[in-house]
Amino acid sequence: MCTIPYSNDSKTLALLILRLSCFNIATLAQYWGVNETQSKPPHGTAANLMLNHIKSYEHWPSSKGGVTIQLGPELSGKLVSNLTGEKLGLLVSVYLPVLPQEGRDNVCFSRPSRLNEPMEFPKLPPHDGAVLSVVDMHTGGEPLRIIISGYPDVTGDTVLAKRRYAREHLDHLRKLLMFEPRGHYDMYGALLVQSEIAEADIGVLFMHNEGYSTMCGHAVIALGRFAVDYGLVKAPTSPETQINIHCPCGLVKAFVEYSNGKTGAVRFHSVPAFAFAPDVKVTVPGYGEVTLDISYGGALYAFVSAERFGMDVSKSRTRDLVDVATAVTNAVKSQVKLHHPVSEDLAFLYGTILTDGKDAFSDEPTANICVFADAQVDRSPTGSGVTARIALQYHKGLIQLHQTRSFKSGTTGAIFTGKAVQETMCGDFKAVVVEVAGHAYYSGVASFTLENDDTLKNGFLLR
């Protein structure tokens, strides 16, 4: 804050304050309950009202830099205080009285909004190249950065082909948005693309610290809300609005609660999910032979109880759980041949989900933690993981159709629900359609830029 020049003439000072605080005179008059009859700022009644009630003012020392103004008690409760404005590089603070508290004359608050005037978006800093704009959300604590503008066209005849194109030609943008300093090791993103399926409302590519996944349940839940709130469907309906989301693994149908113009919880129906290889034995360095299950819920996961390694998914250190899960993932990748009946693009192990071992149906939640991609930790219960786990439990006869099970994140305690709603087939595999439900929330919006001379402009990760 710099020192501003001021006049001993209190009227000049008052009008200067009004100018620098960027407030419209008529707006101030309306706020103060005064009938504004003049339309030539800064000479309106609002300024005169302020002028008439100036009790005292003083110039701060240059170390504080500014002007303190005190109004008389006639305006108590009429105006909040600490208005801070910016104009021509000058800053000014105005301290105005509010309802007095015992033992003090004035209370200071932050600057109010401009009432009837929308706030302008912050000016972009110096930058080179495109500006990448995003909407940030989270589902059960797991972030989702939705890219809404600034990305080049992603070419390809199918969503899977677009995924390959993004990986081969646009991966620098994934790193820019997912990695530090704009993201972090566990950031997750979604890029909206055109779908080749007529019934799809949107297509999407998922991205993380290692590359591009084929399915993401927490992202589908967030995208369901986003699609309705941002007008990607023409006419939302109550009590639910259906959003067809084309993921790389296939078409996923989301159902968004919608009432009185507001969105709420989201449930989705998965692509066919199936137990790929129950009771597989692999050798995990440091732990010997381990029996685990591999199941598909839009992506392939290995499932094993954390108790096998002397750990608890809710109480053990996250770092220790990550190390064990990563060791299991590496063992499966090296010892088990994976395939998928629809596309080889789907035939890879996405990660390992450590569970509490409570697979038999119960009204009590069962906890798990998912470690996927390059040792990335899911904060949510993992939507595609819940899908695959329900398919596995159904295959083993531990849960029936339409029995709803609650799944708890071992990291945040967030809850998703899941149930098998329909039997189906996926190639030669007996499969089920699984319904998963949860809540997503907005956390902000941002526009990201880079400067060419920034040696860290493309991002970095700390392990």
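If you're wondering where the values come from, they're calculated on a predicted model, not measured in any experiment.

> Quick question: what am I supposed to make of the environment of Leu354 here?
Tracing the chain through its elements places Leu354 in strand E15 (residues 349-355). Residue class for Leu354 comes out buried when judged on its relative accessible area of 0%. Spatially, the C-alpha atom of Leu354 lies 9.8 Å from that of Val328, the residues being 26 residues apart in sequence. Discounting residues that sit within four places of it in the chain, Leu354 has contacts with Val304, Ala306, Phe309, Val313, Leu321, Val324, Ala325, Ala367, Asn368 and Ile369.

> For this particular structure, what's the right way to read empty space enclosed by the protein?
In this approach a probe as big as a water molecule rolls over the atoms, and the regions it shows empty are the leftover space. Considering all chains together, one arrives at 2 cavities of 30 Å³ or more under this definition. The computed volume of the largest cavity comes to approximately 70 Å³. Taken together, Tyr188, Met215, Cys216, Gly217, His218, Tyr301, Tyr350, Phe372, Asp378, Thr382, Gly383 and Ser384 make up the full set of residues lining the largest cavity. Listing elements by their share of the lining of the largest cavity, those giving two or more residues are helix H6 (217-229) and helix H8 (383-395). Of the residues belonging to the lining of the largest cavity, the class tally is 6 nonpolar, 5 polar and 1 charged.

> Hey, could you run me through the nonpolar core in this one?
Across soluble globular proteins, nonpolar side chains have a tendency to be buried as a group. Ile294 and Leu354 are the most contacted members of the largest nonpolar core, which has 95 residues in total. Setting aside its immediate chain neighbours within four residues, Ile294 contacts Ala275, Phe276, Ala277, Leu300, Tyr301, Ala302, Val332, Val336, Leu338 and Leu349. Judged by nonpolar contacts, the second largest core, of 22 residues, contains Ile147, Leu176, Leu191 and Leu205.

> Would you take a moment to explain the pattern of salt bridges for this structure?
When the charged atoms of two side chains with opposite charge come close together, those side chains can pair. A full pass over the atoms with the stated rule returns 15 salt bridges. For Arg267, the salt bridge is made with Glu435, and the minimal N-O distance between the two is 2.8 Å. Of this pair, Arg267 sits in strand E11 (residues 262-269) while Glu435 sits in strand E20 (residues 429-438), placing them 168 residues apart in sequence. On the basis of relative accessibility, which here comes to 22%, the residue Arg267 falls in the partly exposed class. Judged by its relative accessible area of 12%, Glu435 falls in the buried class. Its salt-bridge partner being Asp356, residue Arg389 comes within 3.7 Å of it at the nearest N-O pair. Taken as a pair, Arg389 in helix H8 and Asp356 in the loop between E15 and strand E16 (366-372) lie far apart in primary sequence, 33 residues in all. Judged by relative accessible area, Arg389 falls into the buried class, the value being 1%. A network of salt bridges, in which partner residues are shared, links Glu240, Arg267, Lys419 and Glu435.

> Help me understand a negative patch on the surface in this model?
A cluster of acidic residues, Asp128, Glu451, Asp453 and Asp454, forms a negative patch on the protein surface. Secondary-structure assignment places Asp454 in the segment after strand E21 (440-450). Residue class for Asp454 comes out partly exposed when judged on its relative accessible area of 30%.

> Where do I start with the packing of aromatic side chains in this structure?
Describing an aromatic ring pair means giving the distance of the ring centres and the angle of the ring planes. Throughout the structure, instances matching the rule amount to 12 aromatic pairs. For the pair Tyr301 and Tyr350, a centre-to-centre distance of 5.7 Å together with 55° between the ring planes defines the contact as tilted. Pair noted here: Tyr301 is in strand E14 (residues 300-305) and Tyr350 is in strand E15, with a separation of 49 residues, a long-range link. Between Phe348 and Tyr350 the ring centres are 6.3 Å apart and the planes differ by 80°, which places this aromatic pair in the edge-to-face class.

> Where do I start with the confidence of the model for the protein chain in this structure?
Interpreting fine coordinate detail is not advised for predicted regions of low pLDDT. Averaged over all residues, the pLDDT of the protein chain equals 81, while 74% of them reach at least 70. This stretch, residues 1-115, has a pLDDT under 50; its non-local contacts, to residues over four places away or in other chains, come to 200 contacts.

> I tried to follow the environment of Ser406 on my own but got confused; where do I start?
Position of Ser406 among the secondary structure elements: in strand E18 (residues 405-409). Distance from Ser406 to Pro381, taken between C-alpha atoms, is 9.5 Å for residues 25 residues apart in sequence. Apart from the residues within four sequence positions on either side, Ser406 is in contact with Glu364, Pro365, Thr366, Ile415, Phe416 and Thr417.

> So what exactly am I meant to see when it comes to the pairing of strand E8 (residues 202-207) here?
Strand residues, when the strand is regular, have side chains that alternate between the two faces of the sheet. Where burial is concerned, most of E8 is hidden: 6 out of the 6 residues are buried. Alternating positions in E8 separate into two faces, Ile202, Val204 and Phe206 on one and Gly203, Leu205 and Met207 on the other, with burial throughout. Relative to E8, strand E7 (residues 189-193) runs antiparallel, the two sharing 5 bridges. Following the sheet pairing, Leu191 is matched in E8 by Leu205. Pairing between E8 and strand E9 (residues 240-247): 2 bridges, direction parallel. Bridge pairing in E9 links Gly203 to His246. With H6 bridging E8 and the parallel E9, this β-α-β connection has right-handed handedness.

> Is there a simple way to explain the pairing of strand E6 (residues 142-149) in this structure?
In terms of residue burial, E6 counts as a mostly covered element, since 6 of its 8 residues are buried. The turn joining strand E5 (residues 128-139) and E6, which pair antiparallel and follow one another in sequence, is formed by 2 residues; a positive phi near 60° is taken by Gly140. Where E6 lies against E7, 3 bridges are found, and the strand directions are parallel. Opposite Arg145, over in E7, you have Gly189 as the bridge partner.

> I would appreciate a short explanation of helix H7 (residues 318-335) in the present structure.
Note on helix geometry: an α-helix contains 3.6 residues per turn, so any two residues three or four positions apart are oriented the same way. Its 18 residues place the ends of H7 26 Å apart at the C-alpha level, agreeing with the 26 Å of an ideal helix rising 1.5 Å per residue. Taken residue by residue, H7 has Leu321, Val322, Val324, Ala325, Ala327, Val328, Thr329, Ala331 and Val332 as its buried positions. Contacts from the buried residues of H7 go to strand E12 (274-284), strand E13 (288-296), E14, E15, E16 and strand E17 (376-377).

> In this structure, what is going on with the side chain of Thr355? I would like to understand it.
Examined against the element boundaries, Thr355 turns out to sit in strand E15. With residues up to four places along the chain from it excluded, the contact list for Thr355 reads Phe303, Val304, Ser305, Ala306, Val313, Ala367, Asn368 and Arg389.

Definitions and cut-offs
Residues numbered from 1 in each chain as written. Predicted model: local features only at pLDDT ≥ 70, side-chain atom pairs only at ≥ 80, totals over all residues. Heavy atoms only, no water. Helix = DSSP H or I, 4+ residues; strand = E, 2+ residues; numbered from the N terminus. Buried < 20%, exposed > 50% of the residue type's maximum accessible area, 1.4 Å probe, protein only. Contact = heavy atoms within 4.5 Å. 1 Å grid on protein atoms, 1.4 Å probe; cavity = no way out; pocket = protein on both sides within 12 Å on 5 of 7 lines; lining within 4 Å. Points joined across faces, edges and corners; volume = space filled by probe spheres on them. Nonpolar A, V, L, I, M, F, W, Y, C, P; charged D, E, K, R; others polar. Core = buried A, V, L, I, M, F, W, Y, C linked by side-chain atoms within 4.5 Å. Salt bridge = Lys/Arg side-chain N within 4 Å of Asp/Glu carboxyl O. Patch = residues over 30% accessible without salt bridge, like charges linked within 9 Å, V, L, I, M, F, W, Y side chains within 5 Å. Areas by Shrake-Rupley, 256 points an atom, 1.4 Å probe, with all protein chains shown as cover. Lys, Arg positive; Asp, Glu negative; His and termini not counted. Charge placed at Lys NZ, Arg CZ, Asp CG, Glu CD. Phe/Tyr/Trp six-rings, centres within 6.5 Å; stacked < 30°, edge-to-face > 60°. pLDDT = per-residue confidence, 0-100. Pairing = 2+ DSSP bridges. Right-handed = clockwise from strand over helix to strand, strands pointing away. Expected span 1.5 Å × (residues − 1).

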